Amino acid sequence: MNHSRLHPITDERFPLLPRLIATSLGFGFLPLAPGTWGAIFAIIVWLPLYLWASAATTLIVTAIAIVVVTIAGTWASSVSERYWGKDPVVACVDETVGQWISLLPVAPFCPWWEILVSLALFRFFDIFKPLGIRSMERLPRGYGMMADDILSGIYAVVILVVLNYFIL
């Protein structure tokens, strides 16, 4: 049977834990632009830190989340390919991690509207995949799924740091 034709929501053979991780707790099932929903999920989860924790705590917790979710997301993304085919659109944990990376420079010193700038920059790099980002997709299984978004997040960080240093 061709697993890529199975419906992502109703395929009961796909174990729940990797399905929840791969889809960022189901945000990948939302209609239209699952990658954007994965990035928005990252902001929703991160926002309480930004609003109520110190800058240092926000940076530390964000960095820990990036590492932990990258490991879990690589595993879950690899599992998702077995059920849904190569780089399934509903598997958006990679966008969640990439967005958290792009939020790193916002945490310590930036105004709230830079959260939107980080989202726009991250999604730009993730969608258009310039500067070697597309080549990251060639890595096998979940590694390729995660790597392009990690690099997109890093490029967004660079732009945000440059903007904050020279312009804002």
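Structural data are supplied above this passage.
Description of the structure in this document. Just so it is clear, the model here is predicted, and its values are computed rather than measured.

Moving on: the overall build of the chain. For the chain, the helix and strand inventory stands at eight helices and zero strands. Element order for the chain, N to C, with α for helix and β for strand: α-α-α-α-α-α-α-α. A compact globule built from 168 residues should have a C-alpha radius of gyration of about 15 Å, and the chain, at 16 Å, falls within 12% of that. With the C-alpha coordinates aligned to their principal axes, the bounding extent of the chain is approximately 55 × 35 × 25 Å.

This part is about the packing of helix α3 (residues 55-84) against helix α4 (residues 93-103). At their nearest, the axes of α3 and α4 sit 9 Å apart, and the two run at 160° to each other. In terms of orientation, α3 lies roughly antiparallel with respect to α4. Read as a crossing pair, α3 and α4 show a hand that is left-handed. Where α3 abuts α4, its residues Thr62, Ala65, Ile66, Val69, Thr70, Gly73 and Ser77 lie against Val93, Val97, Trp100 and Ile101. Residue composition of the contact of α3 with α4, by class: seven nonpolar, four polar and no charged.

Judged by side-chain polarity, Ile154, Val158, Val162, Tyr165, Phe166 and Ile167 come together as a nonpolar surface patch covering roughly 670 Å² of accessible area. If you trace the backbone, phenylalanine 166 turns up in helix α8 (residues 141-166).

Moving on: the packing of aromatic side chains. Applying the stated criterion across every chain yields a total of nine aromatic pairs. Ring centres of phenylalanine 124 and phenylalanine 125 lie 5.2 Å apart, and the angle between their planes is 75°; this geometry places the pair in the edge-to-face category. Relative accessible area serves as the criterion here: at 41%, phenylalanine 124 is assigned to the partly exposed category. Judged by centre distance (4.7 Å) and plane angle (85°), the rings of tyrosine 165 and phenylalanine 166 are edge-to-face. Residue classification places tyrosine 165 among the exposed positions, given a relative accessible area of 65%. Grouped by ring-pair contacts, the aromatic residues Phe14, Phe29, Tyr83 and Trp84 constitute a single cluster.

On to the environment of phenylalanine 125. Mapped onto the elements of the fold, phenylalanine 125 is located in helix α6 (residues 113-128). Sequence separation between phenylalanine 125 and arginine 138 is 13 residues; the distance between their C-alpha atoms is 17 Å. Non-local contacts of phenylalanine 125, meaning those with residues more than four positions away in its chain, are made with Pro130, Leu131, Ile133, Ser152, Tyr155, Ala156 and Ile159.

For the coordinates displayed, the defined rule picks out six salt bridges. We note a salt bridge from lysine 86 to glutamate 81, for which the minimum N-O separation is 4.0 Å. Taking the relative accessible area as the measure of exposure, glutamate 81 reaches 16% and is therefore buried. We note a salt bridge from aspartate 126 to lysine 129, for which the minimum N-O separation is 3.1 Å. Residue classification places aspartate 126 among the buried positions, given a relative accessible area of 5%. Three or more residues are tied together by salt bridges with common partners; here these are Arg123, Asp126, Lys129, Arg134, Glu137 and Asp148.

Procedures and definitions
- Residues numbered from 1 in each chain as written.
- Predicted model: local features only at pLDDT ≥ 70, side-chain atom pairs only at ≥ 80, totals over all residues.
- Heavy atoms only, no water.
- Helix = DSSP H or I, 4+ residues; strand = E, 2+ residues; numbered from the N terminus.
- Rg over C-alpha atoms; globule rule 2.2 N^0.38 Å.
- Axes fitted to C-alpha atoms, helices over the stretch in contact; angles between N-to-C directions.
- Parallel < 35°, antiparallel > 145°, perpendicular 65-115°, else oblique.
- Left-handed = near helix turned anticlockwise from the far one by under 90°.
- Contact = heavy atoms within 4.5 Å.
- Nonpolar A, V, L, I, M, F, W, Y, C, P; charged D, E, K, R; others polar.
- Patch = residues over 30% accessible without salt bridge, like charges linked within 9 Å, V, L, I, M, F, W, Y side chains within 5 Å.
- Areas by Shrake-Rupley, 256 points an atom, 1.4 Å probe, with all protein chains shown as cover.
- Salt bridge = Lys/Arg side-chain N within 4 Å of Asp/Glu carboxyl O.
- Phe/Tyr/Trp six-rings, centres within 6.5 Å; stacked < 30°, edge-to-face > 60°.
- Buried < 20%, exposed > 50% of the residue type's maximum accessible area, 1.4 Å probe, protein only.

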